[in-house]
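# Observations on chain architecture
What follows is each chain in one-letter form.
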Amino acid sequence: GGTVVLAFTGGPGPCTPVGGATTVSAANADAFDGKWDSFNATLDGGSAATVNFNESEISSFVDREVGSPFSDPRVCIHDGYGEGTASLEILGFDAKIKVKGNMDLTGAHPVAKIDDIEVGNVPDFLVDVVKGLVESAIDDETAKVDLDHPMTPMLTEGDAKLDGTP
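Below: a short report on this structure. (Residues numbered from 1 in each chain as written. Predicted model: local features only at pLDDT ≥ 70, side-chain atom pairs only at ≥ 80, totals over all residues. Heavy atoms only, no water.)

## A short note on the nonpolar core
Inside soluble globular proteins, nonpolar side chains tend to come together where they are buried. Counting residues in hydrophobic clusters, the biggest one holds 16 residues, and the most contacted among them are Trp36, Phe39, Phe53, Ile58, Ile77, Met151 and Leu162. If you list the elements that add at least two residues to this core, you get α1 (26-44), β2 (49-54), β3 (70-78), β7 (151-156) and β8 (159-164). Element by element, the count of residues in this core is highest for α1, at 4 residues. Ignoring anything within four residues of it in the chain, the contact list for phenylalanine 39 reads Ala49, Thr50, Val51, Met151, Leu162, Asp163 and Gly164. Counting residues in hydrophobic clusters, the runner-up holds 15 residues, among them Phe70, Ile117, Val134 and Ala137. (Core = buried A, V, L, I, M, F, W, Y, C linked by side-chain atoms within 4.5 Å. Buried < 20%, exposed > 50% of the residue type's maximum accessible area, 1.4 Å probe, protein only. Helix = DSSP H or I, 4+ residues; strand = E, 2+ residues; numbered from the N terminus. Contact = heavy atoms within 4.5 Å.)

The following block contains the structure:
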């Protein structure tokens, strides 16, 4: 993956949700939890299962789980890949980040397959620091998620579908 430097320009901008505005709320995070729990209960019972999440549900879940030093995370789903954007406070700067990639959901924990990280609104000397913090944060957060069953993500505009096998 590459790194694009947009020092002091304010970029990169937030990802563009397919379904219009993304709504980050406790209700959407709860909807994510309910779908996830039901999906896993079906898999635990020995049957294959499928679940769909929209951008608001995923963004709300990420917003609740990730927290400081990141703020205003948004997740946008496109054909075959996802994008995530957020702000990161570092040394008095409000860094803007955009990550593009996919997730491997076949192991014990999700593994991020990062294709690109864009960093903006920080001086050049902080770009690699911010990129490292973002990669570490993604690794830390995905390590907290236990996958009891192998899953295959199918990403289409605005929708993340997971096919799971028991």
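What follows picks up the thread again.
## Considerations on the sheet that holds β2
Backbone hydrogen bonds are what pair the strands of a sheet, in a parallel or an antiparallel way. Spatial strand order, β2-β8-β7: 3 strands in an open sheet with antiparallel pairing. Two strands bound the open sheet, and with one partner strand each, they are β2 and β7. Each adjacent strand pair in this sheet contributes to an overall mean axis angle of 20°, direction not counted. Of the pairings in the sheet, the one linking β7 to β8 comprises 6 bridges and is antiparallel in character. Within β8, the residue paired with threonine 152 across the bridge is aspartate 163. Along the sheet, α1 makes contact with β2, β7 and β8, crossing β2 at roughly 170°. Strands in contact with helix α2 (residues 55-66) are β2 and β8; relative to β2, the strand with the most contacts, it is inclined by about 80°. (Pairing = 2+ DSSP bridges. Axes fitted to C-alpha atoms, helices over the stretch in contact; angles between N-to-C directions.)

## Overview of the packing of aromatic side chains
Applying the stated criterion across every chain, the model contains 4 aromatic pairs. With a centroid separation of 6.4 Å and 10° between ring planes, the pair formed by phenylalanine 32 and tryptophan 36 is classed as stacked. Note that phenylalanine 32 and tryptophan 36 are positioned in helix α1 at a spacing of 4 residues, about one turn of the helix. Judged on exposure class, the residue phenylalanine 32 and its partner tryptophan 36 are both buried. Here the aromatic rings of tryptophan 36 and phenylalanine 39 are separated by 6.0 Å at their centres, their planes lie at 50°, and the arrangement is tilted. (Phe/Tyr/Trp six-rings, centres within 6.5 Å; stacked < 30°, edge-to-face > 60°.)

## Thoughts on the pattern of salt bridges
What the rule picks out here adds up to 6 salt bridges. Its salt-bridge partner being aspartate 72, residue arginine 74 comes within 2.9 Å of it at the nearest N-O pair. Among the residues examined, aspartate 72 registers a relative accessible area of 46% and is labelled partly exposed. Note that lysine 144 is salt-bridged to glutamate 141, the shortest N-O span being 3.1 Å. Judged by relative accessible area, lysine 144 falls into the exposed class, the value being 57%. The network of salt bridges with common partners includes Asp33, Arg64 and Glu65. (Salt bridge = Lys/Arg side-chain N within 4 Å of Asp/Glu carboxyl O.)

All quantities given are derived from atomic positions and should not be read as evidence of function.
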